[in-house]
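# Fold and contact review
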Amino acid sequence: MKVVTAIDSFKGSMTSIEAGYAVAEGFKMANRNVEVEVRPLADGGEGTVEALIEGMNGERHEIMVTGPLGAPVNCVYGIIKDSMTAVIEMSGAAGITLVQKKDLNPLDATTFGVGEVIKDAIGKGCRRFIVGIGGSATNDGGVGMLQALGYGFLDKSGKQIPFGAKGLKDLETITDDYVIPELKDCEFKVACDVTNPLCGTEGCSAVYGPQKGATPSMIMDMDKWMSYYAAIAREKYPNTDPKYPGTGAAGGMGFAFLTFTNAMLQSGIKIVLEETRLEDYIKDADIVITGEGMLDFQTAMGKAPIGVAKLAKKYNKTVLAFAGGVTKEAIECNKNGIDAFFPIVRGVTTLDEAMDSVNAKYNLSATAEQVMRLLMVR
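What comes next concerns the included structure.

Procedures and definitions
Position labels on residues start from 1 in each chain and follow its written sequence. Only residues with pLDDT of at least 70 are given local features in this predicted model, and only at 80 or more are side-chain atom pairs given and counted; all residues enter the totals for whole chains, interfaces and linings. The side-chain figures draw on all heavy atoms in the structure; neither hydrogens nor water molecules are used. Helix and strand labels come from DSSP, where a helix needs a run of H or I of at least four residues and a strand needs a run of E of at least two; each type is numbered from the N terminus. In this treatment the radius of gyration is a C-alpha quantity, and the globule benchmark scales as 2.2 Å times the residue count to the 0.38 power. Using a 1.4 Å probe on the protein chains alone, a residue whose accessible area is under 20% of its type maximum counts as buried, one over 50% counts as exposed, and one in between counts as partly exposed. Whether two residues are in contact is decided by their heavy atoms: any pair within 4.5 Å suffices. Computed with the Shrake-Rupley method and a 1.4 Å probe, the accessible areas treat only the protein chains shown as cover for residues. Under the counting rule used here, the positive set is Lys and Arg, the negative set is Asp and Glu, and His together with the chain ends is not counted. In plain terms, the charge of a residue is placed at NZ if it is Lys, CZ if Arg, CG if Asp and CD if Glu. The rule for pairing is simple: two strands pair if DSSP sees at least two bridges between them. In this analysis an axis means a line fitted to C-alpha atoms, helices contributing only their contacting stretch, and an angle means the value between N-to-C directions, from 0 to 180 degrees. Any pair of Phe, Tyr and Trp rings, taking the six-membered ring for Trp, is counted once the centres come within 6.5 Å. Such a pair is stacked with planes under 30 degrees apart, edge-to-face with planes over 60 apart, and tilted for the rest. Here the word oblique covers every angle except those under 35 degrees (roughly parallel), over 145 (roughly antiparallel) and from 65 to 115 (roughly perpendicular). Amino acids are sorted into nonpolar (Ala, Val, Leu, Ile, Met, Phe, Trp, Tyr, Cys and Pro), charged (Asp, Glu, Lys and Arg) and polar (every other residue, Gly among them). Expected span of a helix, by definition, is 1.5 Å for each gap between consecutive residues, and there is one gap fewer than residues. Exposure above 30% relative accessible area and the lack of any salt bridge qualify a residue for a patch; like charges then connect within 9 Å, and the nonpolar side chains Val, Leu, Ile, Met, Phe, Trp and Tyr within 5 Å. What makes a salt bridge here is a side-chain nitrogen of Lys or Arg within 4 Å of a carboxyl oxygen of Asp or Glu, nothing more.

### Here's the deal with the overall build of the protein chain
For the protein chain, the count of helices and strands is 14 helices and 13 strands. Compactness check: the protein chain gives a C-alpha radius of gyration of 22 Å against a globular reference of 21 Å for 378 residues, within 12% of the reference. Along the first, second and third principal axes, the C-alpha set of the protein chain runs to 75 × 40 × 35 Å. Burial status across the protein chain gives 56% buried among its 378 residues. If you take every contact in the protein chain between residues at least 6 apart in sequence, the share linking residues at least 24 apart comes to 72%. Carbon and sulfur atoms provide 51% of the accessible area of the protein chain, an area that totals close to 16600 Å². Positive and negative side-chain charges of the protein chain, numbering 38 and 47 respectively, have mean locations separated by a distance of 3 Å.

Put into structure tokens, the structure is as follows:
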């Protein structure tokens, strides 16, 4: 029997690869002859860097960059040596979790650090990039990132505009004379699972501004400035399209990538499945194992385990899932390619006990062992 695992991380308990090996251990306790191929899984958001480093022979790099409010932060990113692909989570340099709630202010928050990470990876030889843009604290239209890469976003006196959304109100001219030369050779796969345009009632300022600390008056101002920014960009780059789905992602970061770099916006799980070549492994498998910390209605709406299940059903494979917990609504997963799912908690426990890494790995292995015993008597 050949089994392939592609399990999302159990956040706070197990990484994607750790969960896969826990299943493999349980299966082998029941059947020493089972062959288990452990593959990484993530959805382009938190945990993507770690999963791809661990599962694709990647290297971990750490760099001190400009944080969202200007203070330095350490940002971890990965380089997949085989293809010299850099894997970056925007949240590591400009994430909302890097800012205390009382200090959230999109007028000041910058994406400059994201550009510094990209520049560092280019200096190390990377020309392919996977960038997850979820969880940002920013609403600067990606201008900070672009400034770090050499673009000029200038005011009427020819000086770089200040960091943050407030800088956009002073924008008069965009220049590209000093962009780092290697950028033209780079391609970016941007993990983006939202379809918001840049401006308007569905734009980044209106929809995501409040969670980043924006007041109603700030939202009106930022949306106006963002629209002006797009108009100036269109003067220099005629293909600029602020209405394109996803341009409003991460405070306009989607717009910045599409307008100023060689980029495509894609579903995060689609990018990860392609980059990890999971389909090649599934083709020859008898059973496919997936899962995540909590299976619920959101899972069924297209989170990472459903991406795995749909790929597996292309080849009519049996798909089983493990989860730390399940809700009543998880039954929707059965309608979306997961043939059966199994919660791993084995008794009355506190959340902290259930999420303890040692306990979680044991519970997953023990549950997997019993599932394999069932498979052997089919």
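There's more to say after this.
### Digging into the sheet that holds strand E6 (residues 128–132)
Taken in spatial order, the six strands of this open sheet run E3-E4-E5-E6-E9-E10, and their pairing is mixed. The outermost strands of the open sheet, each flanked by one partner alone, are strand E3 (58–66) and strand E10 (263–266). Ignoring strand direction, the axes of neighbouring strands in this sheet form an average angle of 25°. Against the sheet, helix H2 (residues 48–55) engages E3, strand E4 (72–80), strand E5 (85–89) and E6, with an angle of about 40° to E4. On top of the sheet, helix H4 (residues 112–123) reaches E3, E4, E5, E6 and strand E9 (187–191); it is set at about 135° to E3, its chief contact.

### Focus: the sheet that holds strand E12 (residues 318–326)
By way of backbone hydrogen bonds, the strands of a sheet pair with one another, either parallel or antiparallel. Across the sheet, which stays open at both edges, the five strands sit in the order E2-E1-E11-E12-E13 with parallel pairing between neighbours. In this open sheet, the two edge strands, each paired with only one partner strand, are strand E2 (35–39) and strand E13 (340–343). Within this sheet the neighbouring strands show an average axis-to-axis angle of 25°, counted without direction. By the bridge criterion, five bridges tie strand E1 (residues 2–6) to E2 in an arrangement that is parallel. From the neighbouring strand, valine 3 faces E2, where its bridge partner is valine 36.

### Section: the packing of aromatic side chains
Per the counting criterion, the structure on display carries ten aromatic pairs. A centroid spacing of 6.1 Å and a plane angle of 65° characterise the contact between phenylalanine 153 and tyrosine 229, whose relative ring orientation is edge-to-face. Here phenylalanine 153 is found in strand E7 (residues 152–154), whereas its partner tyrosine 229 is found in helix H7 (residues 216–236), with 76 residues between them in sequence. Note on tyrosine 229: relative accessible area 0%, which makes it buried. Pairing phenylalanine 188 with phenylalanine 257 gives two aromatic rings, centres 5.3 Å apart and planes at 50°, and the pair type is tilted. Note that phenylalanine 188 is positioned in strand E9 and phenylalanine 257 in helix H8 (residues 249–260), a separation of 69 residues in sequence. Look at phenylalanine 257 and you get buried, because its relative accessible area is 1%. One aromatic cluster is present, built from ring pairs that chain together Tyr151, Phe153, Tyr229, Tyr237, Phe255 and Phe260.

### Section: the packing of H7 against H8
Here H7 crosses H8 at 0°, and the two axes come no closer than 12 Å. The angle between H7 and H8 falls in the class roughly parallel. Within the contact between the two elements, H7 uses Met226, Tyr229, Ala230 and Ala233 and H8 uses Gly251, Phe255, Ala256, Thr259 and Phe260. Its residues assigned to classes, the contact of H7 with H8 shows seven nonpolar, two polar and no charged.

### Looking at the pairing of E6
Counting buried residues along E6, four of its five residues qualify, which places the element largely inside the surrounding structure. Pairing analysis gives five bridges linking E5 to E6, with the strands arranged parallel. Residue pairing for E6: alanine 86 is matched across the bridge by phenylalanine 129. Taken together, the five bridges between E6 and E9 define a ladder with parallel strand orientation. Each residue of the ladder has a partner; that of arginine 128, found in E9, is glutamate 187.

### Describing H8
Its twelve residues give H8 an end-to-end C-alpha distance of 15 Å, which sits within 8% of 16 Å, the value for a rise of 1.5 Å per residue. By the criterion of burial, H8 is predominantly enclosed, with eleven of the twelve residues buried. For H8, the set of buried residues is Ala249, Ala250, Gly251, Gly252, Met253, Gly254, Phe255, Ala256, Phe257, Thr259 and Phe260.

### Quick notes on a nonpolar patch on the surface
Taken together, Leu374, Met376 and Val377 make up a surface patch of nonpolar side chains, about 310 Å² in accessible area. With respect to the secondary-structure elements, valine 377 resides in the segment after helix H14 (357–376).

### Concerning unusual backbone geometry
Unusually for a residue other than glycine, asparagine 57 sits at a positive phi of about 55°. Note on placement: asparagine 57 falls in the loop between H2 and E3. Positive phi, normally seen in glycine, also occurs at methionine 84, with a value near 45°. Mapped onto the fold, methionine 84 is located in the loop between E4 and E5. The class of methionine 84 is partly exposed, set by a relative accessible area of 22%.

### Section: the side chain of glutamine 147
For glutamine 147, the location among the structural elements is in helix H5 (residues 143–148). Residue glutamine 147 is classed as buried on the basis of its relative accessible area of 10%. Beyond its immediate stretch of four places on either side in the chain, glutamine 147 contacts Phe112, Phe153, Gln160, Ile161 and Phe163.

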